[in-house]
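Notes for the structure review
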Amino acid sequence: MPTLGLAIAAIAALVSFFTTWFILRRAGKLGLMQQPNGRSSHVAPTPGGGGVGIVAGGSVAGLLMALLLPWLGVPVIMAGILLAFIGYSADKRPIAARWRLGAQVLLMGAIVAVLPIDQLGLPVPESVLLVLLTLGGALWINLFNFMDGIDGLAASEAIFLLAGAALLAYLFEPGIIDDPRLWWMLGLAAACLGFLLLNWPPARIFMGDAGSTYLGLMLAFFALTTMLSFWLTLWQWLILAGLFLADSLTTLARRVLRRERFWEGHKRHAYQALQRRFGSHLTATLLYVGINVLVLLPLAWLAGAYREWGFVIAALTGAALVAAALWAGAGAPLTEDGQAEA
């Protein structure tokens, strides 16, 4: 399995890179050129829709799972492609938020429905649990989409979450080396890497909703299936995704409290405030990557090694990250010079 898995990952990376390159070269004809506006962190027209490359590479990687476990692999691949198609359409012309959200809920619900969620052993009726997981997954899809606003950030985060989760799972359960889901995760990470080669600061192409919503859905699926298989705990996933969760939720909460139209685009996330402060997409992205690898990955390992303390470690980590997001300016109104208010 490792040899086949590595081969699948290499193919996924190549498919992603060349698909993204194709879109980059033909973005004008495809109607995917994104013009800078008051909500963006860029100043020059740039091709969008590059996340289609991730979808193509990730779907190729998923074929391994589909061949071995078609009852699970095929529905997930189809749901991901459908959501990516909706995102691709939104990249070309706006689609009302209610329709996009409705599709996300339906497709997330379809994935949850094929998973053995009763194995979680929670004292909650299965129907209620299905609704909660569906809504939580739809929320995560949108939060991940919100965080795709500067060069290289969303793709780097996806690689970290997928590869980091796979590494932790293997460290605690070496026997999963032959489980196709592990290699599907790494194959999707490889697809993100193929895209990242063209999205790394300064980005030549953007991910767009096609890629960000697809990744949000796939990450939610992998989080659920690894928890159901007891590879990782909820607390470990919350720690791994801590930066994105703290930034997006803190920003969202502050906008809701200010009675703003929180569903509309803006540039008031912590990562955007840091990008303006540093004057560099690269510096802000590398800061997030550094915190992920040097801080959150070891903490997630700690939460797995001492599972009885997992909730405490996750809670303290989350509190620290929220404080950091507030300090960075998450959700703060902008001053006249474009900086976040203190």
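Before reading further, recall that the structure is shown in the block above.
Residues numbered from 1 in each chain as written. Predicted model: local features only at pLDDT ≥ 70, side-chain atom pairs only at ≥ 80, totals over all residues. Heavy atoms only, no water.

Focus on the pattern of salt bridges
Our working definition: By definition, a salt bridge exists where a carboxyl oxygen of Asp or Glu is found within 4 Å of a side-chain nitrogen of Lys or Arg. The classification of residues rests on relative accessible area computed with a 1.4 Å probe and restricted to protein chains. Under 20% of the type maximum is buried, over 50% is exposed, and intermediate values are partly exposed.
This model, assessed by the stated rule, comprises 4 salt bridges. For R258, the salt bridge identified is with E260, shortest N-O distance 3.0 Å. Overall, R258 belongs to the partly exposed group, its relative accessible area being 48%. For the salt bridge of R268 with E260, the shortest nitrogen-to-oxygen distance reads 2.9 Å. Here R268 falls in the buried class, since its relative accessible area comes to 11%. Within this structure, R255, R258, E260 and R268 form a network of salt bridges that share partners.

Notes on the packing of aromatic side chains
Put simply, the rule reads: Stacked, tilted and edge-to-face pairs are distinguished by plane angle, under 30 degrees for stacked and over 60 for edge-to-face with tilted covering the rest, among Phe, Tyr and Trp rings (Trp via its six-membered ring) whose centres lie within 6.5 Å. Strands here mean DSSP runs of E at least two residues long; helices mean DSSP runs of H or I at least four residues long; both are numbered from the N terminus.
Inspection of every chain in the model, using the stated rule, returns 8 aromatic pairs. Ring centres of F172 and W301 lie 6.4 Å apart, and the angle between their planes is 20°; on these two criteria the pair is classed as stacked. Of the two residues, F172 sits in helix α7 (residues 153-172) while W301 sits in helix α13 (residues 281-305), which places them 129 residues apart along the sequence. Relative accessible area serves as the criterion here: at 25%, F172 is assigned to the partly exposed category. Geometrically, the ring pair formed by W235 and F311 is edge-to-face, given 5.1 Å between the ring centres and 70° between the ring planes. With W235 in helix α10 (residues 234-240) and F311 in helix α14 (residues 310-328), this pair connects stretches of sequence that are 76 residues apart. When its relative accessible area of 29% is taken as the criterion, W235 is described as partly exposed.

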